[in-house]
Amino acid sequence: MDDNDRLRALHDAHADDLVAYVTRRTASPDDAADVIAETFLVAWRRLDDVPPGHEARLWLFGVARRQLANSRRSTRRRTRLLGRLTDQLGPALAAAPPGSPPESPVMEAISRLPERDREVLYLVAWEQLSPAEAAVVLGVSPDAARTRLHRARKRLEAELDIPASTPALEGTR
């Protein structure tokens, strides 16, 4: 029997018991599915360590138990991180709620631009990235980023009804 057949036989023999064991110990079906998948991944990687017969079931339960513990630790870490981020970012987020940039004619004009134009303008103006750096973030070539930026600026000038030679936008080029 090859490794694929051994894993399939292990799954067929013990999956139902393992599903019952894990679902009684998790908060959601998605969490249970993750733990079960990780358990069988460990079984695949350590197939030579899986004991024969009835002992395999107990071995899988032990692996699942450790996967459940790992999942709980990860959840606790995420919860603590979220708490720290909320404490640190709370005042800034309260001062400037997401999706509500400062009211101004420029921001209103930018909001009317397509998402693609807004993103390249934000990266260059707010994040102070060069067009080459913005290209990395956008996943495009530096030439493509420069072209997007040029076109976005032209569209913004049109939205603002500003002649193209106005010095106010020259400094951002």
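Just so you know, these numbers come straight off a predicted model, no measurement behind them. (Residues numbered from 1 in each chain as written. Predicted model: local features only at pLDDT ≥ 70, side-chain atom pairs only at ≥ 80, totals over all residues. Heavy atoms only, no water.)

1. Some thoughts on a nonpolar patch on the surface
Thinking step 1. Side chains of Leu81, Leu85 and Leu89 sit close together on the surface and give an oily, nonpolar patch of about 230 Å² of accessible area.
Thinking step 2. For Leu85, the position within the fold is in helix H3 (residues 54-95).
Thinking step 3. With a relative accessible area of 35%, Leu85 lands in the partly exposed category. (Patch = residues over 30% accessible without salt bridge, like charges linked within 9 Å, V, L, I, M, F, W, Y side chains within 5 Å. Areas by Shrake-Rupley, 256 points an atom, 1.4 Å probe, with all protein chains shown as cover. Salt bridge = Lys/Arg side-chain N within 4 Å of Asp/Glu carboxyl O. Helix = DSSP H or I, 4+ residues; strand = E, 2+ residues; numbered from the N terminus. Buried < 20%, exposed > 50% of the residue type's maximum accessible area, 1.4 Å probe, protein only.)

2. Brief notes about the pattern of salt bridges
Thinking step 1. Going through the model one piece at a time under the given rule, you end up with nine salt bridges.
Thinking step 2. In this structure, the salt-bridge partner of Arg118 is Glu115, at a minimum N-O distance of 2.6 Å. Taken together, the positions of Arg118 and Glu115, both in helix H5 (residues 115-125) and three residues apart, correspond to about one turn of that helix.

3. With respect to the packing of aromatic side chains
Thinking step 1. Under the defined criterion, the tally for this structure stands at two aromatic pairs.
Thinking step 2. The interplanar angle of 15 degrees and the centroid separation of 4.6 Å between the aromatic rings of Tyr21 and Phe61 together place this pair among those described as stacked. With Tyr21 in helix H1 (residues 3-23) and Phe61 in helix H3, the pair connects residues that are 40 residues apart, well separated along the chain. Each member of the pair, Tyr21 as well as Phe61, is classed as buried.
Thinking step 3. Taking 4.2 Å as the distance between ring centres and 5 degrees as the angle between the ring planes, the aromatic pair formed by Tyr122 and Trp126 counts as stacked. (Phe/Tyr/Trp six-rings, centres within 6.5 Å; stacked < 30°, edge-to-face > 60°.)

4. Some points on the environment of Ala145
Thinking step 1. Secondary-structure assignment places Ala145 in helix H7 (residues 142-160).
Thinking step 2. Here the alpha-carbon distance between Ala145 and Val120, two residues 25 residues apart in the chain, equals 7.5 Å.
Thinking step 3. Once you skip the residues sitting within four places of it in the chain, Ala145 turns out to touch Val120, Pro131, Ala135 and Val140. (Contact = heavy atoms within 4.5 Å.)

5. Description of the nonpolar core
One recurring pattern in soluble globular proteins is that nonpolar side chains are buried together.
Thinking step 1. With 21 residues, the main nonpolar core has Leu10, Leu18, Val22, Phe40, Trp59 and Leu60 as its most contacted residues.
Thinking step 2. Looking at this core, the elements that each hand over two or more residues are H1, helix H2 (29-45) and H3.
Thinking step 3. Beyond its immediate stretch of four places on either side in the chain, Val22 contacts Ala32, Val35, Ile36, Ala64 and Leu68.
Thinking step 4. Among the nonpolar cores identified, the runner-up in size contains 13 residues, and Ile110, Val120, Leu121 and Leu123 belong to it. (Core = buried A, V, L, I, M, F, W, Y, C linked by side-chain atoms within 4.5 Å.)

6. Structural notes on H5
Thinking step 1. Restricting attention to buried positions, one finds in H5 the residues Asp117, Arg118, Val120, Leu121, Tyr122, Leu123 and Val124.
Thinking step 2. Next to the buried residues of H5 lie helix H4 (105-111), helix H6 (131-138) and H7.

7. Some thoughts on the side chain of Arg118
Thinking step 1. A distance of 2.6 Å separates a polar atom in the side chain of Arg118 from a polar atom in the side chain of Glu115.
Thinking step 2. In contact with Arg118, not counting residues within four places along its chain, are Ile110, Ser111 and Leu113. (Polar contact = N/O pair within 3.5 Å; in protein donor to acceptor, adjacent residues only side chain to side chain.)

Keep in mind that these numbers describe shape and distance, not what the molecule does.
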